[in-house]
Amino acid sequence: MLGMFCVRTCSGLMGLRAAPRVRSLHSFPGITVAQIDEEVAKLLALKAQIGGDNVKHQFVLKTAKGTRDYNPKQMAIRERVFSTIIGCFKRHGAETIDTPVFELKETLTGKYGEDSKLIYDLKDQGGELLSLRYDLTVPFARYLAMNKITNIKRYHIAKVYRRDNPAMTRGRYREFYQCDFDIAGQYDAMIPDAECLKIVHDILSELDLGDFRIKVNDRRILDGMFAVCGVPDDKFRTICSTVDKLDKMPWEDVRKEMVTEKGLSEEAADQIGEYVSLQGGMELAERLLQDQKMCRSKQACAGLSDIKLLFSYLQLFQVTDKVVFDLSLARGLDYYTGIIYEGVLTQAGVAPGSTEAQNGTPAEESVSVGSVAGGGRYDGLVGMFDPKGRKVPCVGVSIGIERIFSILEQKAEASAEKVRTTEVQVMVASAQKNLLEERLRLLTELWNAGIKAEVMYKKNPKLLSQLQHCEESGIPLVAILGEQELKDGVVKLRVVASREEVDVSRAALVDEIRRRTSQA
């Protein structure tokens, strides 16, 4: 009966346009709503396959929410940034790995606190519940446990995915790159941690993004602070997530959330407010070690002692001018166990590392433009995956590459900077007609010698067109062939910027191109 119904109504459904037509199908005897829906779906799929109604499908030409395309100019900026970052990672002795873009859902579950709701879950594919990776840290911990690796210094650059509310102009996307550097292994306290901060300092300095500060804190100090301020143990993580919003919300709003939404007492919230307003350096750590409340927490004292040790190593690394001990820094991820840090760009004003801040007083005059790096110590994460619970201490940093790209793109637009999108060193051109074979022959010689070169894809291009292409593309040199040059065994080498021309013997051309492009 159902099959006859499908045959009789196929042509009608092919032209289905409105809800009334669908509603009329409910009167057909013996057919349930579910059966009708199933058959309608099949017929619509068939219609799509055969191109029903001869109507051309109108595609919505847009990228998915929270994603974007990158044009050649934007990609040139990205590649330059990646090169700087990878160069720094390699300078510090890191090797690289890669992991799948999706993981078992249970691998990611329960590792990100309140941010777990941002994980992209995939449909069941053959019996495995999978999720797109939220970051590169948890997959790294899984990789260490699975392969029984107890020490490694690695970097990993790859895309991650978060079901967040995107803010494209600020470099906040649902699909984005992370650039991670991590040191795993049992080492003496604060030496690897200090190196991670040195890496953040060097990368942000080399990229010339503007003034920046690296905020430092310790999860043990936060937990100790919460304890002495009267926060119940079961509220530590949720209050920590609220404190983490201080870079986006004023204290009044953070306090309100603690009290009204999280159920914290006003007295405890006010005590927390006194501490999280403090910024400084080693001197602040020493002062807090003498604080009557803080010294009641062994956990906080251990964290403060490590902060002091950290600053002593940072002085040797010559980066203390950019690092500030900031008690408001929380970083909401659940897996952090010790030192945490964040690199932020700052606007003009009293910087967090200034005299006022060093004395442990509030430094509200400094305005944060945005976080561009973050990380910390996570000594327990690998043990979550190891069958025997064996821990591998880890510390690492992630560079916020998308926000950096946004800043550099805006700077390039504002300065009308000409960004080269290719690396071509020389254009092989001809001054007369019928020299295509000679151009291709010279082009092959240059390619075989490792020179980046190209020709115009025309048999008889005009010389002016070839020179204009070089100017527009930023190609620095033109190798010009003419009948006279071929007779003399030379090539006329033209410098595009200065329009200087010089005859170079064919045998010496490769060396001359290398010499001139290495000076550029």
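Residues numbered from 1 in each chain as written. Predicted model: local features only at pLDDT ≥ 70, side-chain atom pairs only at ≥ 80, totals over all residues. Heavy atoms only, no water.

Labelled according to an unreviewed UniProt entry, the protein chain appears under the name histidine--tRNA ligase, originating from Gasterosteus aculeatus aculeatus. The record in UniProt for the protein chain states the following under Catalytic activity (unreviewed entry): "tRNA(His) + L-histidine + ATP = L-histidyl-tRNA(His) + AMP + diphosphate + H(+)". What the UniProt record of the protein chain gives under Sequence similarities (unreviewed entry) is the line "Belongs to the class-II aminoacyl-tRNA synthetase family." (UniProt positions renumbered as here; feature names shortened; annotations may be inferred.)

Novice: Got a sec to walk through the pattern of salt bridges? Specific residues and values, please.
Specialist: Throughout the structure, instances matching the rule amount to 37 salt bridges. Across the pair Asp386 and Arg390 runs a salt bridge whose closest N-O atoms are separated by 3.2 Å. Among the residues examined, Asp386 registers a relative accessible area of 10% and is labelled buried. Given the relative accessible area of 43%, Arg390 is considered partly exposed. Here Arg494 makes a salt bridge to Glu501, at a shortest N to O gap of 2.9 Å. (Salt bridge = Lys/Arg side-chain N within 4 Å of Asp/Glu carboxyl O. Buried < 20%, exposed > 50% of the residue type's maximum accessible area, 1.4 Å probe, protein only.)

Novice: Outline the sheet that holds strand 12 (residues 426-430), listing residues and values.
Specialist: Pairing is mixed across the open sheet formed by five strands, whose spatial order is 13-12-14-15-16. The open sheet is flanked by strand 13 (453-454) and strand 16 (501-505), the only strands paired with a single partner. Where helix 17 (residues 436-448) meets the sheet, it contacts strand 12, strand 13, strand 14 (477-481) and strand 15 (490-495), and its direction lies at approximately 160° from that of strand 12. (Pairing = 2+ DSSP bridges. Helix = DSSP H or I, 4+ residues; strand = E, 2+ residues; numbered from the N terminus. Contact = heavy atoms within 4.5 Å. Axes fitted to C-alpha atoms, helices over the stretch in contact; angles between N-to-C directions.)

Novice: Kindly report on the layout of surface pockets, identifying the contributing residues and their values.
Specialist: Estimates place the volume of the largest pocket at around 1,400 Å³. Residue assignment for the lining of the largest pocket shows that the elements contributing at least two residues are strand 5 (175-184), strand 9 (339-346), strand 10 (368-377), strand 11 (394-399) and helix 16 (401-415). Examining the composition of the lining of the largest pocket, we find that nine residues originate from one element, strand 10, more than from any other. The residue makeup of the lining of the largest pocket, split by class, is 17 nonpolar, 15 polar and 18 charged. (1 Å grid on protein atoms, 1.4 Å probe; cavity = no way out; pocket = protein on both sides within 12 Å on 5 of 7 lines; lining within 4 Å. Points joined across faces, edges and corners; volume = space filled by probe spheres on them. Nonpolar A, V, L, I, M, F, W, Y, C, P; charged D, E, K, R; others polar.)

Novice: Explain the UniProt feature "binding site: L-histidine" (unreviewed entry) in the protein chain to me, and be specific about the residues and the numbers.
Specialist: The feature "binding site: L-histidine" (unreviewed entry), as annotated in UniProt, sits at Asp135, Leu136, Thr137, Arg162, Gln178, Asp182, Arg331, Tyr335 and Tyr336 in this numbering. None of the other annotated residues line the largest pocket; only Asp135, Thr137, Arg162, Gln178, Asp182, Arg331, Tyr335 and Tyr336 do. Following the sequence through the fold, Asp182 ends up in strand 5. Non-local contacts of Asp182, meaning those with residues more than four positions away in its chain, are made with Phe140, Ile152, Lys153, Arg154, Tyr378, Val395, Gly396 and Val397. Separated by 2.5 Å, the side chains of Asp182 and Arg154 make a polar contact. Inspection of the secondary structure assignment puts Tyr336 in the loop between strand 8 (323-326) and strand 9. (Polar contact = N/O pair within 3.5 Å; in protein donor to acceptor, adjacent residues only side chain to side chain.)

Novice: How would you sum up helix 7 (residues 191-207)? Please name residues and give values.
Specialist: An ideal rise of 1.5 Å per residue puts 24 Å on 17 residues; helix 7 measures up with 25 Å between its terminal C-alpha atoms. A large share of helix 7 lies buried, amounting to 13 of its 17 residues. Remark: Asp208 follows helix 7 within two positions and exhibits a positive phi of approximately 55°. (Expected span 1.5 Å × (residues − 1).)

Novice: So what about unusual backbone geometry? Which residues, and what values?
Specialist: Apart from glycine, the bulk of residues carry a negative phi angle, and the bulk of peptide bonds sit in the trans form. You will see that Lys148, though not glycine, has its phi angle at about 55°, which is positive. Take Lys148: its relative accessible area is 64%, and that puts it in the exposed class. Even without being glycine, Asn434 reaches a positive phi, approximately 60°. The exposed category is assigned to Asn434, whose relative accessible area is 70%.

Novice: An account of empty space enclosed by the protein is needed here, citing residue identities and associated values.
Specialist: Throughout the structure, instances matching the rule amount to one cavity of 30 Å³ or more. Considering only enclosed or pocket space, the largest cavity measures out at about 60 Å³ in volume. In this structure, the largest cavity is lined by Gly66, Thr67, Arg68, Tyr70, Arg78, Lys159, Tyr173, Glu175, Phe176, Tyr177 and Glu402. At three residues, strand 5 tops the list of elements feeding residues into the lining of the largest cavity.

Novice: Kindly report on the confidence of the model for the protein chain, identifying the contributing residues and their values.
Specialist: Averaged over all residues, the pLDDT of the protein chain equals 86, while 87% of them reach at least 70. In the predicted structure, residues 1-18 sits below a pLDDT of 50 and forms 26 contacts with residues beyond four places in sequence or in another chain. Between residues 348-368, whose pLDDT stays under 50, and residues either more than four places distant or in other chains, the model counts 40 contacts. (pLDDT = per-residue confidence, 0-100.)

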